[in-house]
Number of protein chains: 2
Amino acid sequence: MSAPVSVHDCRLVPLPRRAGDAGCLTVFEPGDAVPFEVRRTFTIADVPAGARRGGHANARTRELIVCLRGAVTVRARDGRAETSHRLDSADVGFYLPAMMWVDLEDFAPDTILLVLADTSWEEARDAYHRDYSRWLRRVLGSGAYAA
Amino acid sequence: MSAPVSVHDCRLVPLPRRAGDAGCLTVFEPGDAVPFEVRRTFTIADVPAGARRGGHANARTRELIVCLRGAVTVRARDGRAETSHRLDSADVGFYLPAMMWVDLEDFAPDTILLVLADTSWEEARDAYHRDYSRWLRRVLGSGAYAA
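Residues numbered from 1 in each chain as written. Chains lettered and ligands numbered in written order. Predicted model: local features only at pLDDT ≥ 70, side-chain atom pairs only at ≥ 80, totals over all residues. Heavy atoms only, no water.

Turning next to the pattern of salt bridges. Close approach of charged atoms lets side chains of opposite charge pair. One pass over the full model with this rule turns up 14 salt bridges over all chains. Residue Arg17 of chain B is joined to Asp91 of chain B by a salt bridge in which the shortest nitrogen-to-oxygen separation is 2.4 Å. On the criterion of sequence distance, the pair formed by Arg17 of chain B in strand β2 (residues 17-20) and Asp91 of chain B in the loop between β8 (82-87) and β9 (92-96) is long-range, its members being 74 residues apart. Beyond isolated ion pairs, a larger network of salt bridges with shared partners links Arg52, Arg75, Glu82 and Glu105 of chain A. (Salt bridge = Lys/Arg side-chain N within 4 Å of Asp/Glu carboxyl O. Helix = DSSP H or I, 4+ residues; strand = E, 2+ residues; numbered from the N terminus.)

Here is the structure:
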């Protein structure tokens, strides 16, 4: 279960949008835009000013994080490197591989996030790392950086 | 393929929300809240004042329609009866069975809808009825109201 993890596997994925006279439709379907079968979807809203979310890694779950409204900074770490993106458009999704430590910070007012995940909650819940030091030992000792 | 359709199969589904100090998380997972496996997700946004969406039925697709922000009126018809709901809360989803004629109207400004569907776009696209009269003949002739 110690697959190498790297922030370089994170990426911004353009989302297919169909804009017309009656508004804009954005489709999330397994394929180019969503690189996995979606088992679970969740939304995050009503985040107060200054609050943070995330603060964990999940050994099994891959996610696509989309900012439907507002803005948020997504910060991902693999134990040696980190990447962060300010998401402020529903045109793109942030692909988060499994086992990355993720923090969501600097929420703009009224931000709404949509997250697609490739595990059910039942599969995901036992796979959380919430202790940063233990997670760090795990990923640094995994051979991920042997090369 | 002529399964009976009835607006009485539409229903409002309460969605599990976990509210805390860092905002509110709403989960969409097959089970009580989402009565099907989700094959496709889409969002609708940037709908101008006075615009309508929907105006079709899909013979194969079941949907859960959620209003993440703003408000919209969902109107569903089965050919003899209709039901409409003003969706203005992310606490509930509107379950739309297959073959129902659906209209989305009276969008409040900045409304964002999330729609979960049980078909891929490839499965759904050939199953649209966009001609109301033809759809009506189809559902009224289907034996749905034989009882």
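Additional details are given in the paragraphs that follow.
In this section: the interface of chain B and chain A. Facing the 35 residues of chain B at the interface are 35 residues of chain A. Between chain B and chain A, a total of about 2,700 Å² is buried, with carbon and sulfur atoms accounting for 51% of that surface. Where chain B packs against chain A, one counts zero salt bridges. The interface formed by chain B and chain A includes 10 residue pairs in polar contact (both at pLDDT 80 or more). (Contact = heavy atoms within 4.5 Å. Buried area = accessible area lost by both parts, 1.4 Å probe. Polar contact = N/O pair within 3.5 Å; in protein donor to acceptor, adjacent residues only side chain to side chain.)

Our focus in this paragraph is the relation of the copies chain B and chain A. Under the fitted operation, chain B is carried onto chain A by 0.0 Å of movement along the axis and a turn of 180°, and the coordinates agree to an RMSD of 0.0 Å. Such values leave the two copies arranged in the relation of a two-fold axis. The C-alpha atom lying nearest the rotation axis in chain B is that of Val38 of chain B; the distance is 3.6 Å. The fraction of interface residues of chain B whose copies in chain A are also interface residues reaches 100%, indicating that both copies meet through the same surface. (Least-squares fit on C-alpha atoms with pLDDT ≥ 70 in both.)

The biggest cluster of nonpolar side chains holds 32 residues, and the ones touching the most others in it are Leu64 of chain A together with Leu64 of chain B. Put simply, the parts of the chain that give this core at least two residues each are β6 (63-69) and β11 (112-117) of chain A together with β6 (63-69) and β11 (112-117) of chain B. Discounting residues that sit within four places of it in the chain, Leu64 of chain B has contacts with Val13, Leu15, Ala33, Val34, Phe36, Gly93, Phe94, Tyr95, Leu114, Val115 and Leu116 of chain B. (Core = buried A, V, L, I, M, F, W, Y, C linked by side-chain atoms within 4.5 Å. Buried < 20%, exposed > 50% of the residue type's maximum accessible area, 1.4 Å probe, protein only.)

Right, let's talk about the side chain of Asp78 of chain A for a bit. Residue and element names in this part refer to chain A. For Asp78, the position within the fold is in the loop between β7 (72-77) and β8 (82-87). For the buried Asp78, no salt bridge is present, and the opposite-charge side chain at shortest range is Arg80, 6.5 Å distant. Here Val7 takes part through its backbone nitrogen, which lies 2.8 Å from a polar atom of the side chain of Asp78. Reaching out from Asp78, the side chain makes a polar contact with the backbone nitrogen of Arg80 at a distance of 2.9 Å. (Lys, Arg positive; Asp, Glu negative; His and termini not counted.)

Turning to the packing of aromatic side chains, a few remarks are in order. All names here are of chain A. Counting across every chain of the model gives 10 aromatic pairs over all chains. Centre to centre, the rings of Phe36 and Tyr95 are 6.4 Å apart; their planes meet at 35°, and the pair counts as tilted. A residue pair is termed long-range when its members are at least 10 positions apart, and Phe36 in the loop between β3 (23-28) and β4 (40-45) and Tyr95 in strand β9 (residues 92-96) qualify at 59 residues. The two residues Phe36 and Tyr95 agree in class, both being buried. Joined through ring pairs, the aromatic side chains of Trp101, Tyr132 and Trp135 make up one cluster. Directly above the aromatic system of Tyr95 lies the positively charged group of Arg11, at a separation of 4.6 Å from the ring centroid. Sitting above the plane of the Tyr128 ring, Arg130 keeps its charged end 4.3 Å from the centroid. (Phe/Tyr/Trp six-rings, centres within 6.5 Å; stacked < 30°, edge-to-face > 60°. Lys NZ or Arg CZ within 6 Å of the ring centre and 35° of its normal.)

Spatially, seven strands are ordered β2(A)-β3(A)-β4(B)-β11(B)-β6(B)-β9(B)-β1(B) in an open sheet, and the strand pairing comes out antiparallel. The sheet terminates laterally at β2 (17-20) of chain A together with β1 (11-14) of chain B, the two strands that pair on one side only. Pairwise comparison of adjacent strand axes, ignoring direction, gives a mean angle of 25° for this sheet. Direction of pairing for β1 of chain B relative to β9 of chain B: antiparallel, over a ladder of four bridges. The residue bridging Val13 of chain B from the neighbouring strand is Gly93 of chain B, located in β9 of chain B. (Pairing = 2+ DSSP bridges. Axes fitted to C-alpha atoms, helices over the stretch in contact; angles between N-to-C directions.)

Residue and element names in this part refer to chain A. Along the polypeptide, Thr61 turns up in the loop between β5 (53-58) and β6. The spacing of Thr61 and Met99 is 38 residues in sequence and 7.5 Å in space, taken between C-alpha atoms. Discounting residues that sit within four places of it in the chain, Thr61 has contacts with Arg40, Leu96, Pro97, Ala98, Ala117, Asp118, Thr119 and Ala124. Engagement of the side chain of Thr61 in a polar contact is seen with the side chain of Asn58, the distance being 2.8 Å. Reaching out from Thr61, the side chain makes a polar contact with the side chain of Thr119 at a distance of 2.7 Å.

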